[in-house]
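Here is how the chains run, residue by residue.
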Amino acid sequence: MSRRGAPKVLVIVLAGGEGKRLMPLTADRAKPAVPFGGNYRLIDFALSNVINSGYRQVVVLTQYKSHSLDRHVSQAWRMSTMLGNYVAAIPAQQRLDKSWYTGSANAIYQSLNAIRDERPDIVVVVGADHVYRMDFSQMVEQHLDSGAGCTVAAIRQPIGLSDQFGVIEVDAADPTRISAFREKPTDAIGLPDSPGEVYASMGNYVFTTDALVDAVTRDDTVEGSKHDMGGDIVPDFVSRQDAYAYDFNANEVPGATDRDRAYWRDVGTLDSYYEAHMDLTSIHPIFNLYNYDWPIYTHQQPHPPAKFVHGDQGRFGEALNSCVAPGVVVSGARVNNSILSPQVHLHSYTTVEDSVLLDRVDVGRHVQLQRVIVDKDVTIPEGTTIGVDREHDEARGFVVTESGLTVVGKGQVVTP
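Residues numbered from 1 in each chain as written. Predicted model: local features only at pLDDT ≥ 70, side-chain atom pairs only at ≥ 80, totals over all residues. Heavy atoms only, no water.

Draft legend 1. Up close: the sheet that holds strand 18 (residues 323-324). As summarised here, the arrangement of the six strands in space is 18-21-24-27-31-30, forming an open sheet in which the pairing is mixed. Pairing within the sheet leaves two strands with one partner each, and these edge strands are strand 18 and strand 30 (399-400). Across two bridges, the pairing between strand 24 (residues 356-357) and strand 27 (residues 372-374) is parallel. Bridge pairing links Val-356 to Ile-373 in strand 27. (Pairing = 2+ DSSP bridges. Helix = DSSP H or I, 4+ residues; strand = E, 2+ residues; numbered from the N terminus.)

Draft legend 2. Fine view of helix 2 (residues 67-76). Among all positions of helix 2, only Ser-68, Leu-69, His-72 and Val-73 are buried. Buried residues of helix 2, viewed axially, fall in a sector of 135 degrees; they line one side. Its buried side turned inward, helix 2 meets strand 1 (9-15), strand 3 (40-41), helix 1 (43-52), strand 4 (57-62) and strand 5 (86-91). (Buried < 20%, exposed > 50% of the residue type's maximum accessible area, 1.4 Å probe, protein only. Arc of directions from axis to C-beta. Contact = heavy atoms within 4.5 Å.)

Draft legend 3. Here's a closer look at the packing of helix 6 (residues 209-219) against helix 7 (residues 229-239). As a packed pair, helix 6 and helix 7 sit with axes 10 Å apart at the nearest point and diverge in direction by 120 degrees. Our pair here, helix 6 against helix 7, has a crossing hand that is right-handed. For the pair formed by helix 6 and helix 7, the contact residues are Ala-211, Leu-212, Ala-215, Val-216, Arg-218 and Asp-219 on the first element and Met-229, Asp-232, Ile-233, Asp-236 and Phe-237 on the second. Looking at side-chain class alone, the contact of helix 6 with helix 7 contains seven nonpolar, no polar and four charged residues. (Axes fitted to C-alpha atoms, helices over the stretch in contact; angles between N-to-C directions. Left-handed = near helix turned anticlockwise from the far one by under 90°. Nonpolar A, V, L, I, M, F, W, Y, C, P; charged D, E, K, R; others polar.)

Draft legend 4. The environment of Gln-241, seen in detail. By the secondary structure assignment, Gln-241 is in the loop between helix 7 and strand 12 (243-247). On the accessibility criterion, Gln-241 (58% relative accessible area) is exposed. When the C-alpha positions of Gln-241 and Pro-285 are compared, they lie 40 Å apart, and in sequence the two are 44 residues distant.

Draft legend 5. Main features of the pattern of salt bridges. Under the defined criterion, the tally for this structure stands at 19 salt bridges. A salt bridge links Arg-156 to Asp-193; its shortest N-O distance comes to 2.9 Å. Taken together, the residues Arg-156 in strand 8 (residues 150-158) and Asp-193 in the loop between strand 10 (178-183) and strand 11 (197-208) connect sequence positions 37 residues apart. The class for Asp-193 is exposed, based on a relative accessible area of 56%. (Salt bridge = Lys/Arg side-chain N within 4 Å of Asp/Glu carboxyl O.)

Draft legend 6. Broad picture of the packing of aromatic side chains. By the definition in use, this model includes eight aromatic pairs. Here Phe-36 and Phe-45 contribute two aromatic rings whose centre-to-centre distance is 5.6 Å and whose plane-to-plane angle is 80 degrees, an arrangement assigned as edge-to-face. Both residues of the pair, Phe-36 and Phe-45, belong to the buried class. Pairing Tyr-263 with Phe-287 gives two aromatic rings, centres 4.9 Å apart and planes at 35 degrees, and the pair type is tilted. Of this pair, Tyr-263 sits in the loop between strand 12 and strand 13 (264-266) while Phe-287 sits in the loop between helix 8 (270-278) and strand 14 (307-309), and the two are 24 residues apart along the sequence. (Phe/Tyr/Trp six-rings, centres within 6.5 Å; stacked < 30°, edge-to-face > 60°.)

Right, dumping it as structure tokens:
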């Protein structure tokens, strides 16, 4: 314990995810580096949560196409070193043998030197690709009170969605103790206080340090293990009756509203990524980026303010129910229910509806975009229509999901 009696906490952010289901957005970057919400990267939400929770020793374990992620962490997350604070990206290093990380538990096992160097009492392990706000200090407090080796953050979900999550089943006599951890069950058991709901794992964990080190070390020798935190390490703690659940609904974040309290989204697919963006655009957003009591931090480029020009002769530069980042120019175009990222330029007589445009997208005149995600550095020629005719979109090489969402890849050449 530290001199003041509080536990010494090290945070490990698991940021090596490939994100295959987010292709083409992950064709050139790791999943945690995917832009989100106009100004941010997905990893900014996890890092902002742990920093706002008061934890300032953070390591980020990276692996897959990590260049833009490493650059973002180094630019945006510079901490004062006077008190030993840091956010450090650690790439896969082959410290133990010639293998790369084979799973999230193996990533921690191969990075045990970071734990031994810091000598924490508690290790908080979080994913890097979810959108939410959470005060981890409250989860750590419950973990210490329980005496558990492992605590898993759990969010309530309808029992009908059980087959989409890792489901935590709890002891009826002690609803904080995990009795079973099952992956996507079709016969899940409801919660003791709410039979129509289950606990879904959020992919966030608190461990007593010695228990974590022991678990990942033993797991490395287990034949057939996938070396996964949720699939192997947590069930190991459950089998030894040493795993507890933390109810995310009990988490109190300063500045939260009734509408966005306990908001959490796994943006692992193109449709869920898009839907999480749409959660930002209403008058009273489902996820509120304007909570200044619990800010989401990121690296801010020196962009000028957004500008809206033209207002006559059929040209109106306007954006309604939309998030517009600095550096955007809306020149005689109309935008509705959309996200415009830095340096997007929309030209006259263009309409953008229900869409997400990432950095430096240039949209010519008389363009129609509807339910479209456009990645960075794309130029859309005059007269182009995207998101209206599925067959035409697919013929031009765009990705179209089952729901009809059209995605244009980074730097992709667009024809009318």
